Amino acid sequence: FGVVHYAGPVYYDVTNFLEKNKDQLHDDIKAMIRKSSIPFVGSLIKEEEAGDAGGKSRTKSRGPGKKGTKTLGAQFKTSLNSLVTTLNATEPSFVRCIKPNKAKQGDIFESDMVLAQLRYSGLLEVCRIRKLGFPVRRDKDEFFKRYKVVEPSATDLESLVAAMTASEKLKDGQFAMGKSKVFLKNKQSTELDVLREQAFVHQAIRVQATARRWNCQAKVKRWRATLQDVAAAVEARSEEQLVAALDQMNELPNGGHHLPVFRKAQALLIRLAAERKLVTMLTTAIKSRSKPTLMSAVQAAKEMTPALEHPVVAEAEALIVLIEKEEAVRENLRQAMAARDLTAIDKLMSQCEELQLEGCEEMKQAIALKARLEEEQFALQGLQKAIEEKDMTSLSAFLAKCSEMGLTAPEIDQGKKLYAELQAQVQAKNALTDAVASRDIAAIGAALDKCKALGVEDTAEAAALMEQLKNEEAIQKEIAAACEARTLEALEAALGKAEAAGMTSDEISEAETLKASIIAETACLGALSKAVASNEVGALGSALAEAARLGLGQTVPEVAAANAALSKLSAAKDGVGKLVAVSSSESVVEIDNALAEADKLGLQSETAYANAVARKERLLEEQSLVEELVKATAASDLQILSRHVASCMRLGISNKYPNEMAAAKAKAAELGSQRQVLMALVNSARSKDLGALEAALDKAKEMGMVDKPEGERSEEVNKALLMKDRLLAEEAAEKALADAMENPDDLTSLKAAVEAAVAIDLDSDRLAQARVILNRDEMVAETEALLDQGEKEGDLDKLNKALEQAIQLGLRNDRTESATKLRDELAKDVDVIKQLLATKETLYMQATSPSGITTSDVQRLTTKLDENKELVDKHKGRSDVMEVHVFHTRLHEQLKVQGMLEAAAANPGADRKEIMAALSEARELEMSMDVMVDLSKRLKELDAAYQKQREAADEPVEQAAYEDANKATEERNKKAEQKKYAFQNYPGLRSPDDFAKGVLLQKRKLKEGMLKWQQSQIPRSLTELDSENSKLAVQVHKSLLGYMGDKQMQFPATLAQDILQKGLEKPQLRDEIYLQIMKQLSSNPTADSIAKGWQVMCMCVSTFPPSCEFELYLLNFMHEQKKKKGAVRNYAKYCHRTLDGILASGASGFVPSVDEITAYKERPPVLATVELVDGMLLTEELPVTPDLNVGKVVEICTHFLELSDQRADTMGIFVYDIPPDPTSGIPDPDAEKPYADLERTPRPLRNEDYMGDVIVQKARQKRDFKFVYKRKIFLPSQNLPSQDKMYNRLVYLQAEDEVITQGNLPIKAEDLALRLSGISYRVALDTDFPTDTASMINSEECPFVDFVVPEWRARKSVEEWASQVLAQRDTLLAQDPDALQQAFVEEVWNHDLYGSHFFNVHKLNNDTAIVQSMPNDLKIAFNAAGMWVFDMSMNIVQSYGYADIYRWGGSSSQFSLIIWNQDVESTFELKLSTAQAADMAGIILDYINAIMAAAQMEG
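Caption draft 1: Structural view of the sheet that holds strand β16 (residues 1454-1461). Pairing in this open sheet of seven strands is antiparallel, and the strands run β14-β13-β12-β11-β17-β16-β15 from one edge to the other. Of all strands in the sheet, those bounded by a partner on one side alone are β14 (1436-1440) and β15 (1445-1450). Along the sheet, successive strands turn relative to each other by an average axial angle of 30°, direction set aside. With six bridges joining them, strand β12 (residues 1417-1423) and strand β13 (residues 1426-1431) adopt antiparallel strand pairing.

Caption draft 2: Layout of the side chain of Thr-1179. Tracing the backbone shows Thr-1179 in strand β7 (residues 1177-1184). On the basis of relative accessible area, Thr-1179 is assigned to the buried category, the value being 5%. Ignoring anything within four residues of it in the chain, the contact list for Thr-1179 reads Ala-1168, Thr-1169, Val-1170 and Phe-1200.

Caption draft 3: How the structure looks around the packing of aromatic side chains. Counted according to the given criterion, the structure contains 24 aromatic pairs. Ring plane angle 85° and centroid distance 5.3 Å describe the contact between Tyr-1292 and Phe-1384, whose orientation is recorded as edge-to-face. Of this pair, Tyr-1292 sits in helix α53 (residues 1285-1301) while Phe-1384 is found in helix α59 (residues 1377-1388), placing the two residues 92 residues apart along the sequence. Under the relative-accessibility criterion, Phe-1384 is labelled buried at 0%. The interplanar angle of 85° and the centroid separation of 5.2 Å between the aromatic rings of Tyr-1321 and Phe-1344 together place this pair among those described as edge-to-face. One end of the pair, Tyr-1321, is in helix α54 (residues 1310-1325); the other, Phe-1344, is in the loop between α55 (1333-1338) and α56 (1350-1353), with 23 residues separating them in the sequence. Among the residues examined, Phe-1344 registers a relative accessible area of 0% and is labelled buried.

Caption draft 4: Spotlight on the pattern of salt bridges. One pass over the full model with this rule turns up 44 salt bridges. Note that Arg-1163 is salt-bridged to Glu-1162, the shortest N-O span being 3.2 Å. Note that Arg-1369 is salt-bridged to Asp-1370, the shortest N-O span being 3.8 Å. When its relative accessible area of 59% is taken as the criterion, Asp-1370 is described as exposed. Among the ionic contacts, a cluster of salt bridges with common partners joins Arg-330, Glu-331, Arg-334 and Glu-362.

Caption draft 5: Fine view of the nonpolar core. Ranked by size, the top nonpolar core spans 98 residues in total, and within it Ile-1213 and Tyr-1269 carry the most contacts. Judged by nonpolar contacts, the second largest core, of 60 residues, contains Ala-976, Ile-1018, Ala-1053 and Leu-1081.

Caption draft 6: Summary view of a nonpolar patch on the surface. On the surface, a nonpolar cluster with roughly 540 Å² of combined accessible area is contributed by Phe-1, Val-3, Val-10, Tyr-12, Val-14 and Phe-17. Among the secondary structure elements, Val-10 is positioned in strand β2 (residues 8-11).

Caption draft 7: Inspection of unusual backbone geometry at higher detail. Look at the link from Thr-305 to Pro-306: it is a cis peptide, with omega at -10°. Positionally, Pro-306 belongs in the loop between α13 (291-303) and α14 (311-339).

Caption draft 8: Structural view of empty space enclosed by the protein. Considering all chains together, one arrives at four cavities of 30 Å³ or more under this definition. Put simply, the largest cavity is a space of about 80 Å³. In terms of lining, the largest cavity is formed by 13 residues, of which the most central are Leu-1280, Tyr-1287, Val-1291, Val-1385 and Trp-1389. Elements represented by at least two residues in the lining of the largest cavity include exactly α53 and α59. If you tally residues by element for the lining of the largest cavity, the top one is α53, at three residues. Among the residues making up the lining of the largest cavity, the classes are represented as seven nonpolar, four polar and two charged.

Caption draft 9: Representation of the pairing of β13 in the model. Across the six residues of β13, six count as buried, placing the element largely inside the fold. Between β12 and β13, which follow one another and run antiparallel, lie two residues. As judged from the four bridges shared by β13 and β14, these two strands associate in the antiparallel manner. Along β14, the bridge assignment pairs Val-1429 with Gln-1438.

How each quantity is defined
Residues numbered from 1 in each chain as written. Predicted model: local features only at pLDDT ≥ 70, side-chain atom pairs only at ≥ 80, totals over all residues. Heavy atoms only, no water. Pairing = 2+ DSSP bridges. Helix = DSSP H or I, 4+ residues; strand = E, 2+ residues; numbered from the N terminus. Axes fitted to C-alpha atoms, helices over the stretch in contact; angles between N-to-C directions. Buried < 20%, exposed > 50% of the residue type's maximum accessible area, 1.4 Å probe, protein only. Contact = heavy atoms within 4.5 Å. Phe/Tyr/Trp six-rings, centres within 6.5 Å; stacked < 30°, edge-to-face > 60°. Salt bridge = Lys/Arg side-chain N within 4 Å of Asp/Glu carboxyl O. Core = buried A, V, L, I, M, F, W, Y, C linked by side-chain atoms within 4.5 Å. Patch = residues over 30% accessible without salt bridge, like charges linked within 9 Å, V, L, I, M, F, W, Y side chains within 5 Å. Areas by Shrake-Rupley, 256 points an atom, 1.4 Å probe, with all protein chains shown as cover. 1 Å grid on protein atoms, 1.4 Å probe; cavity = no way out; pocket = protein on both sides within 12 Å on 5 of 7 lines; lining within 4 Å. Points joined across faces, edges and corners; volume = space filled by probe spheres on them. Nonpolar A, V, L, I, M, F, W, Y, C, P; charged D, E, K, R; others polar.

What follows is the structure, given as structure tokens:
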């Protein structure tokens, strides 16, 4: 049913009407919400809404008193009532929002839709109702105030209405007076408003007239004040006041240029600027004390008309006089130095100090020479004193000093001789001291002999020691003889002498022990005789025990007699007698037997038993001691051996073991001698006495201590041998040094001797002196090299430095004399060169002045160069002389350019090229003449007209013109790299003062930031524009701030479009726009703002070019920005490439749409390089705007290739991933993905894709890639030859790539594989087809194996394949290459997989039998026939037509297909893991669309 509203009928459908009105929640949900612990949640369901949540049943009856749950309609009604109540409590004013279209896009207006909205909202009905009555109703007070201006004489409402009625401004029937309001018809209200507006205009004109009169009066007052200020500034001759006053004159009509006071002020300003430059030049010259510059500047000051009168000129003249005086003193000082007159040098140095010439070269050299002369005098005097005093330390120091200074004098030879003598005496004294310390008679004797030979005194103590040692040696011999004879009297006498001499040694101790032993033996023998006489067992046993203790054996008669007597007595007694008998036994076994019998007899308490035990212990001790003695003798340890010998003697067993004792004593004597020899070796090595060391080594050799392997020799002997070798080497090195130093001119020998001495670590005074000589020689060599360099280069500073070093080294020879002469000549030359430079500086000041130069100015420098031609030619390689020459050439060029400028200025009809050439040449010379300002303005006007004409013509460019344009582009870019073309140096910029003129607050900050990013709007244009264009420039900056986000504004794309529109329509604004963008990109702290600024720059360089004057500055900006990193660099590269193109071709003639501008926010503009299949570049760095999709790029590439075949629309762009270098260390971003092991195949882009998105994606993935242009869609109906050769070539290249390079099309027949390989090889090499297989196989550029079909390469050797193809050589060469290419294509276009797109995938599911039968790793192919499924060995698994593929889709890592299985008549899902899901989906869709389109065309 329908309900007819005022706006139209509304229809309803009652089907499920009540069901749709239900929106109740379940009771359990209501109960749960209401019981929430959160108060807010619990309040969402009111009590009545909760119903019977406690479990009580709810009746369906809606009788009286029963409250049911509110329906949706009831709730809506309640909500509307509440809204109406709220609205009635207010006085609302409504704004109706109307949707212009259903697409929700701008610039689309659908009238039917808008009319329906107006009707449904009731606006039309309201308008109709209001028209029936008095729709306009105004309060009486409001009416009077609003329309009083129509009748100014009216004083109240009645008089106003009466007056307006009388004048028929209010018409009967068109208004009515109410109690509080005046009611008006629409027409009447409109008429009154028109009258009101007219009245306002009249009053406004009156107000404007008054205001303008006041403004004009104020202006005239300001102008008069300005003229007074200018006059005052002229009177005061103040450059600063003049600049400020002339700046104010810009407000006057014509800038005041027509007034005499302006011309006078302008002329004075130029004069003051010249005076300022000249004063600055004089001040600088005074500071630098440059006489030529001073004289040149003073001359220029006098030549001014009138002559410049300034305190600095007088100061300069006085300084010239002072400098001339200084020059005279310096010349006298040079002469005194040449004469080496110390007195004159001192006097002239004092004069230099008075003139404050401490830093001049002559003063430096004089100081060095004075120090040298005084140092020579001091060294020779000190040497003489050291010789007289024989002070070895002072002598060595002064000899080294003289060697260091390179002095030669008799005193030096005398000192060297004396030093050698003193050094020998010191060595002799040291050797004597070591010999005395060793107490070696032979060493002391040798040392005393050496001292005597060298005249060394103070040797008495050593001689006395030697006598003492001789006496001690005699006493030791006497003691040894007495010990040998065992004569008590002789031994006592010898020991007495030793005691008197104070001798203490091991030998004397042994002698004392022997003495005591002899005395004890004598007593023992007496006791034995008495015991024999007494014939008592006890006495005999005791005496024999003592004899046994003293080592007296059976060879002694007394001992034998006692033993015989004891034996007789013991035979009479059994036990005790045997014990007594064995108490003197020498057999431990005999004693043990006797003790055993005594133990049986119980005789342990007998004294004889104890004596037998003691005897046994004594024998065991003796045996142990003797064994140790034998071991010590074999061990050759003197200390241990001496201790054991002493122990044996102390026990008195020497006689008992004579052989062992004799061997031990002999060994001890031998070891003692060796010890003395070792001590002699150590002492002689420590004292480094070669003679004593050799003598000690000879003794050691005699004793067999040397002739042993190194490992068996003692450490002392090894060290002594090493020391001997070292001392011999040092002796040889010393001799070599001495010989070399005798001939100081032979520095090669001296250097070799020093190197040899250093190699053995020699440390001696002679080596130190030799090093001083060599170091001095190196310094001399450096000085001579510096002299050579200074002479060769004509460098005065280097010559002065070298001569100063020569003075310090004492060099005075022909070489230094010639260098001094050259130095003086160069000094004079330098003065002349300084005069030339001073003239150059003066002329440069004139050349850069607004008035320029004249022929007479140039002639001044020409004359000076001619006068000094010989000198200039002599020093033509000097940088300053070259600088003067270059400047002289520049002056001639400037005269020529000034003529060009004057001719262009005088010719009103001068064309753009003439003016541009003149200005370009002038700016290359950094000229700043007044005439250039006017010519620059004319050039801007002419360039704007030229650009307009060029854009309107839009003529195609011929190939020759392209080549010229490319050459011009290269030259222009190279020129733009110069720093002087930084955009801050653009001559068309306003001055900072002019830019900030009229600004009151933060003026200084505004001036400093004139060319830097700012958030606020600029007060006026950056360039010098007229008033109208300056206002437009301010609007442009506002729009720029809005688009870049620096200022919040709506519709940023429209703002950018407005900027581009203004730049395209008004060429005068183009440089301003570019400068504003460059300003906002400089010192910008916000990354987003920078990106948007570059977006505007990209749009501008694609829309309109800069002026011819500004193009180099814009290019320089691009060059500098390309040096940065990240997005800025990419934007700059794009802008630079696009700018080169638009400079060559002119403005594009159209402004991008809002949608095209909005695309910049979605993706950046890019430079795309596109290749063909064979790697040949199709386009290099093609500028691709963000709105340019792949389809448009394909069209561009097709246009570049000039393809005429209708099948060109089957071409596309493919993305080839380039595998990373394994050695680069760059990680694979997809290494953790399940498809990481899959090789990526070429990705076919859809025409709707954007290349900018691809580049951004690859940059984020950190993958290298390339774009390739090739055919994408292959339909069997299109497999026909073409008349377009380029199209045929592209198809062939792709077919060859699939068969030969990729191997994607399996070739089953060998003959076909051979034919295809031969065609590929023939086409690639053309007529360079080799005539032998070796050349085919070994070619580095085209190895034949690369042309064999991949699957057939391993079936035969390369040689076999090459020979088979070589057999077809003549046949192949006889055919046309184009025909062979077509034959190749025709051989493969019937292949099932021809034109297929392959994708490598992993299978993810196994939920159906057909999927389970497939391997996990698959290769999927799509072509016109449908979808093919292969394993990785290219064996077919399944195939499906597109009709069998019901659905498909995927994500970034998976792809899913719903496929109809004809065998079971049901669908199944195939899930695949791949990174190319979108590519697979796209190619399926592209093929389906292509097949459908082809079917429609056939139908």
